[in-house]
Amino acid sequence: MYIYIVNIKPAAMKDIQRIMYKPYKYDTAYFYMQKCMQQYCTDYKDYGTLKSLIYYAMCNPESQIINNHKALCFYGATGSGKTLHMKGLSLFMTLPQTERNGFEYGVEFIHNGAIKPFSFNIYHVRQIFQDYAEGGFDRIKNILVEPVICLDDVGTEDVANNYGNKVDLFAHIIETRYDKNNVTHLTTNLNPQQLRERYGERVYSRLRETTQFLNFGTEDRR
């Protein structure tokens with residue numbers, strides 16, 4: 001087994017410095033990614049998306065749909081599969097390495113000079129805002145510092161208010177994570193233009209620089 005480091009000197013300042021270990025067994029990865037999706041949808045059949053997510057997870061340079069060096073924003077209508085696919089991807093990233101791909105290696109990236117797992121937790125934005133309202137920044141400090149997270153259902157949150165002090169909390173989270181070179185995946189019902197209108201030009205610019213937007217459409221698949 002050998003290691004191939006992809007994009008050690010990123011083309012763009014905020015590109016993710018991914019590590020691809022090769023070779024990996026695609027059939028094994030496919031089997032377990034499908035199992036992960038079936039944890040949340042027993043009759044899962046979206047095999048095209050499955051293949052794209054495997055390529056992204058394993059940092060396969062043959063990926064033509066998803067940019068391996070960007071965070072992901074899944075957007076589309078309610079029930080279109082955004083959170084399902086993000087949960088499946090998250091679960092796949094946390095599987096024991098030998099189960100995930102048949103070899104003794106993980107899915108990792110270079111974060112501020114250190115090799116870190118590319119696995120991530122998913123946090124619903126309404127819960128984040130509720131935690132902030134009850135305990136301020138101390139209650140949500142993990143949201144700011146974890147190297148990789150997913151913010152789920154962006155756009156459904158209310159105005160952040162801690163003891164009467166109103167804060168543009170989403171902007172603060174995005175700006176702080178951006179400054180720390182953290183990776184922030186998103187799911188949302190809002191399209192890119194709606195995100196721009198809701199959160200402003202500065203936040204939208206940060207998202208455009210670091211994130212690839214993937215449209216899950218308008219069909220309710222549930």
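Right above here is the structure, for reference.
What counts as what
Within any chain, residue numbers begin from 1 and follow the written order of that chain's sequence. Selection of residues for local features in this predicted model requires a pLDDT of at least 70, selection of side-chain atom pairs for listing and counting requires 80 or more, and totals for whole chains, interfaces and linings are taken over all residues. Side-chain numbers come from the whole structure's heavy atoms, not from hydrogens or water. Strand pairing requires that DSSP identify at least two bridges connecting the strands. Only DSSP runs of H or I reaching four residues or more are called helices, and only runs of E reaching two or more are called strands; each is numbered from the N terminus. All axes here are fitted lines through C-alpha atoms, helices being fitted over the stretch that makes contact, and every angle between N-to-C directions spans 0 to 180 degrees. Our working definition of a disulfide is a cysteine sulfur pair at a distance within 2.5 Å. Relative accessible area decides the class of each residue, using a 1.4 Å probe on protein chains only: under 20% of the type maximum gives buried, over 50% gives exposed, and in between gives partly exposed. The working definition used for a salt bridge is a side-chain nitrogen of Lys or Arg within 4 Å of a carboxyl oxygen of Asp or Glu.

**A few points about the sheet that holds strand β10 (residues 183–188)**
Reading across the sheet, the five strands line up as β6-β7-β10-β3-β11 and stay open at both edges, with parallel pairing between neighbours. The outermost strands of the open sheet, each flanked by one partner alone, are β6 (121–124) and β11 (211–215). Averaged over all pairs of adjacent strands, the angle between their axes in this sheet comes to 20 degrees, without regard to strand direction. By the bridge criterion, five bridges tie strand β7 (residues 148–154) to β10 in an arrangement that is parallel. Looking at the pairing, leucine 151 lines up with leucine 186 of β10.

**Some points on the state of the cysteines**
Inspection of the entire model under this criterion finds zero disulfides. The thiol of cysteine 150 is unpaired, and the distance to the nearest cysteine sulfur, on cysteine 73, comes to 8.9 Å. Judged by its relative accessible area of 0%, cysteine 150 falls in the buried class.

**Things to note about the pattern of salt bridges**
This structure, assessed with the given rule, holds seven salt bridges. Two residues, aspartate 15 and lysine 70, come together in a salt bridge whose shortest N-O distance is 2.6 Å. Placement of aspartate 15 in the loop between β1 (2–5) and β2 (17–22) and of lysine 70 in the loop between α2 (47–57) and β3 (71–75) is noted, with a sequence separation of 55 residues between them. Taking the relative accessible area as the measure of exposure, lysine 70 reaches 13% and is therefore buried. Among the ionic pairs, arginine 139 bridges to aspartate 131, the shortest N-O distance being 3.2 Å. According to the relative accessible area criterion, arginine 139 is partly exposed, its value standing at 40%. Ionic contacts of the salt-bridge type, sharing partners, join the residues Asp131, Glu134 and Arg139 into one network.

**Remarks on the pairing of β7**
Counted residue by residue, β7 has seven buried out of seven residues, so it is predominantly covered. Bridging between β6 and β7 involves four bridges; their strand directions are parallel. Within β7, the residue paired with tyrosine 123 across the bridge is leucine 151.

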